[in-house]
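Coordinate analysis (summary)
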Amino acid sequence: QQRGQLERALAAIKKSNAKDNRTDPLSLRLEAQIQAELGKYKAAAGTLMTLHRREGLPDAEVLLLARNFHKGGNPGIGRKVLLDLLSGPSPDPRAALEFARLEGHNPAQRQAIRQHLSRVLANDPENMEVLEQLTELDLVDGNVQRARQRLDDAVVKSGWMGRTFL
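Note that the structure is predicted; figures quoted are calculated from it, not measured.

Cut-offs and rules
Residues numbered from 1 in each chain as written. Predicted model: local features only at pLDDT ≥ 70, side-chain atom pairs only at ≥ 80, totals over all residues. Heavy atoms only, no water. Core = buried A, V, L, I, M, F, W, Y, C linked by side-chain atoms within 4.5 Å. Buried < 20%, exposed > 50% of the residue type's maximum accessible area, 1.4 Å probe, protein only. Helix = DSSP H or I, 4+ residues; strand = E, 2+ residues; numbered from the N terminus. Contact = heavy atoms within 4.5 Å. Lys, Arg positive; Asp, Glu negative; His and termini not counted. Salt bridge = Lys/Arg side-chain N within 4 Å of Asp/Glu carboxyl O. Expected span 1.5 Å × (residues − 1).

Brief notes about the nonpolar core
Residues Leu65, Val81, Leu82, Phe99, Ile113, Leu117 and Val130 are the most contacted members of the largest nonpolar core, which totals 31 residues. Looking at this core, the elements that each hand over two or more residues are α2 (25-37), α3 (41-55), α4 (59-71), α5 (75-86), α6 (93-103), α7 (110-123) and α8 (128-140). No other element matches the 6 residues that α6 contributes to this core. Sequence-distant contacts of Leu65, that is, excluding residues within four places in its chain, are made with Ala45, Leu48, Met49, Leu57 and Val81. Counting residues in hydrophobic clusters, the runner-up holds 5 residues, among them Leu6, Leu10, Ile34 and Leu38.

Things to note about the side chain of Glu31
Position of Glu31 among the secondary structure elements: in helix α2. Within the buried core, Glu31 has no salt-bridge partner, and the shortest N-O distance to an opposite charge, that of Lys14, equals 4.2 Å.

Some thoughts on α4
Compared with an ideal rise of 1.5 Å per residue, which puts 13 residues at 18 Å, α4 spans 18 Å between its outermost C-alpha atoms and is within 8% of the ideal. When we look at burial in α4, the residues that qualify are Glu61, Val62, Leu63, Leu65, Ala66, Asn68, Phe69 and His70. Along its buried surface, α4 packs onto α2, α3, α5 and α6. The first or second residue beyond α4 is Gly73, which carries a positive phi of 95 degrees.

Encoded structure:
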């Protein structure tokens, strides 16, 4: 039932845009969101690219663009979009976490994931999501001692008394 409603909404947006012979940015944003919800990731990426060419995208929408490229069968483009977002002086933690989520299975990206997460954690040492992701990488890589030390350091910085139970 919801899928049908989304399909009708998408058709109405396209009809309205064709009738007016123009597409406003809000319509494009809504269209991309519905396309992604319907699993039409390539179409959503294309719509977001149109919006990007017209007026640029805020970081949150760049993340959506990367995710849609990745899910739409173009992981290399999605990766490049994320890496461009991470190349700035103070990268968004959400971008590093998304990079880890999308590329975590790829051994060729493991070092880059660790590097970007570490850089974000250095800028924002209280970001528990990033700390958890780095610790999980340590554990997956079999480096329990490194994971334990990372957590112990975080506990010391937080002022908590005691050691971690890892």
